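Topology and contacts: notes
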Amino acid sequence: MTAGVGLELEHGDGAPIVATGAALVTRGKLRGYADALLAELRSRSVERALVLSDDPLDILRAVDACDRAGADLWIAHTNTPPQFIDDTLRQFGIGYLIGKLDEARDGATGNPPAARIHMMTSGTTGRPKVAAHSLKSLLSRVRGAASFPANREGKWLLTYQPTGFAGVQVILTALLSRGLIVVPEQRTPAGFYEAALRHEVTQISATPTFWRSLLMVAEPGALKLRQITLGGEAADQATLDRLKAAFPEARITHIYASTEAGVVYAVHDGREGFPSAWLEQPSQGVELRIRDGFLQIKTANAMRGYVTESEQPLLGDGWLSTADRCEIKGDRVYVLGRQDSTINVGGSKVYPLAVETFLLGLPGVAEARVFGVKNPVSGALVAADVVLAPGQDKDEAKTRILTACREGLAGYQVPRILKIVDSIQVGASGKKG
Amino acid sequence: MDEQQILSQIQQLVADIVSAKGAKPGKIDAATELLGGGVGMDSLDLAVLVRELEEKTGHDPFADGFIEFRTAGELAKLYVR
């Protein structure tokens, strides 16, 4: 096995690393947790492990111990269907499950492990896409941000799903900059604000939708933010301006990032879009171009590991294509948004097909069409038209369908606008209109 | 609709949205902050509320961009024409 050095946490280091509610855990304590896990992995000769937890402590001790053990690690979302978790455990012969309660399983020997970290795209239904990284490559992506002086010993509010790419980036940035990761007790705007106040958060990385809702609950002047970062959706000028007015001391950055390419660009001048000059002169080590109205990227950081069905296909000439449409106006390039069928609900991507598949799997549903509807608060909302099998009470069926959606789908995937219709039009292509 | 009528629409819609999640809706008046802790709404619930109000009033005050509001009363004012 190719064992690494892990996260280089030190015994007895009294600096706090994770705050959940009022509870603080220090870096030294985390090192102890990771050591215990490492001993367990070694004694069982575990080659592959999977962490299933939203607690940054579980994710960090899993990353650290697996790297030092040379074991491959899968980071799974807690809202992934149990069936997919079971399939993954079986398919790869994963011998250890890390979470609230760690659990040894019957692992199998397969390909020799190489301390790879497998991360999954979101997707409560359908199969999540999996991308392989090394700890080294993940850390190198955040090193720039972590070494920025204003980020030193910052206190980071963890607004993103902790197991997702953005969440892991925030966790690792806080770790490298000797910062604190602040986890809210409740993932509501009021819960996030309460946690931010309690721990005097100084850095927040979040989607524009999150920022708009935080601005609605935050008392002016109560938070002393040093760094504000917007990502996951295109940042609009109105939100950038409101943040500038509410937090005049903070540096405001909006970023464009993807699982495949990492952070593609970061803009600090407070204006939406990015300078057109970047199309001529590579900025931040990344080349950008627009082809047929779509943004394309060339970066040395592009993930080259094994990916199941990449979302950003690598073109023949080494460029990555994106589904984001762009427009050049004067000295600025504006990102207009995705032109595929993906619905961006407050920074979370929803695949209509996955939700349609879920709806069609419910008893009494004959046909379903899922689409996005524009919304001033969240960018878009998921809407669904549903045709019922004959002989059902419409109101009763609607309640039943919505309850099933709330139980089986992530909050952002649940159709917020659900209509029971008599039929769904099918176009000439045979596709649902 | 006048401000008072829209406010009672907001109260009804918030109660529907929150109880549909299986939670107990809190009492709201014009001064209640919609995303404050007691109401039980998250930003996606707020997105739904804004959409339903557009349907009920036939008016979209956000057509030209987002307008700031915090309380139920401030939101109600936006729909008065």
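Residues numbered from 1 in each chain as written. Chains lettered and ligands numbered in written order. Predicted model: local features only at pLDDT ≥ 70, side-chain atom pairs only at ≥ 80, totals over all residues. Heavy atoms only, no water.

Another aspect to go through is the overall build of chain B. From N to C terminus, chain B includes three helices and zero strands. Its helices and strands in sequence order give chain B the pattern α-α-α, from N to C terminus. In summary, chain B has a C-alpha radius of gyration of 12 Å against a globular reference of 12 Å for 81 residues, a match within 12%. Along the first, second and third principal axes, the C-alpha atoms of chain B reach 35 × 25 × 20 Å. (Helix = DSSP H or I, 4+ residues; strand = E, 2+ residues; numbered from the N terminus. Rg over C-alpha atoms; globule rule 2.2 N^0.38 Å.)

What follows concerns the sheet that holds strand β3 (residues 48-52) of chain A. All names here are of chain A. Read across the sheet, six strands follow the order β6-β5-β3-β4-β7-β8 without closing on themselves; strand pairing throughout is mixed. Of all the strands in the sheet, just β6 (103-104) and β8 (130-134) have a single pairing partner and so form its edges. Bridging between strand β5 (residues 96-98) and β6 involves two bridges; their strand directions are antiparallel. Along β6, the bridge assignment pairs Leu97 with Glu103. Where helix α2 (residues 56-69) meets the sheet, it contacts β3, β4 (72-76), β5 and β7 (116-120), and its direction lies at approximately 165 degrees from that of β4. Packing of helix α3 (residues 82-91) onto the sheet brings it into contact with β3, β4, β5 and β7, and relative to β3 it is tilted by some 165 degrees. (Pairing = 2+ DSSP bridges. Contact = heavy atoms within 4.5 Å. Axes fitted to C-alpha atoms, helices over the stretch in contact; angles between N-to-C directions.)

Helix packing geometry: the angle between the two helix axes and the distance between the axes. Residues and elements named next belong to chain A. In the contact formed by helix α6 (residues 189-198) and helix α7 (residues 208-217), the axes pass within 9 Å of each other and the chain directions differ by 70 degrees. Between α6 and α7, the angle falls in the class roughly perpendicular. Residues Pro189, Phe192 and Tyr193 of α6 pack against Phe210, Ser213, Leu214 and Val217 of α7. Broken down by class, the residue content of the contact of α6 with α7 amounts to six nonpolar, one polar and no charged. (Parallel < 35°, antiparallel > 145°, perpendicular 65-115°, else oblique. Nonpolar A, V, L, I, M, F, W, Y, C, P; charged D, E, K, R; others polar.)

So, on to the environment of Glu194 of chain A. All names here are of chain A. Topologically, Glu194 is positioned in helix α6. Overall, the relative accessible area of 34% leaves Glu194 in the partly exposed class. The spatial distance from the C-alpha of Glu194 to the C-alpha of Arg416 is 27 Å, given a sequence separation of 222 residues. (Buried < 20%, exposed > 50% of the residue type's maximum accessible area, 1.4 Å probe, protein only.)

Another point: the nonpolar core. Grouped together as the largest cluster of nonpolar side chains are 86 residues, with contacts concentrated most on Ile10 and Leu49 of chain B. Aside from chain neighbours lying at most four places away, what touches Leu49 of chain B is Ile10, Leu13, Val14, Ile17, Leu34, Met41 and Leu75 of chain B. (Core = buried A, V, L, I, M, F, W, Y, C linked by side-chain atoms within 4.5 Å.)

This next bit is on the sheet that holds strand β10 (residues 180-183) of chain A. All names here are of chain A. Read from one edge to the other, the open sheet built from eight strands follows the order β2-β1-β10-β9-β11-β12-β13-β14, with strand pairing classed as mixed. What marks the edges here is a single partner per strand, and that holds for β2 (23-26) and β14 (262-267). Here the strands of the sheet are splayed against their neighbours by 25 degrees on average, with no regard to which way each runs. In the packing of α2 onto the sheet, the strands contacted are β1 (16-20), β2, β9 (155-158) and β10, and the crossing angle to β1 comes to about 145 degrees. Relative to the sheet, α7 contacts β9, β11 (203-206) and β12 (227-230), its axis offset from that of β11 by approximately 125 degrees.

Mean pLDDT over chain B stands at 91; residues scoring 70 or higher make up 100%. Listed scores for the predicted complex are pTM 0.81 and ipTM 0.91. (pLDDT = per-residue confidence, 0-100.)

Let us now look at the pairing of strand β24 (residues 417-420) of chain A. Residues and elements named next belong to chain A. Bridge analysis of strand β23 (residues 379-388) against β24 gives four bridges, and the strand direction is parallel. Its bridge partner lying in β24, Val386 is registered against Ile420. After leaving β23, the chain enters helix α10 (residues 394-408) and then returns to the sheet as β24, a path that is right-handed. (Right-handed = clockwise from strand over helix to strand, strands pointing away.)

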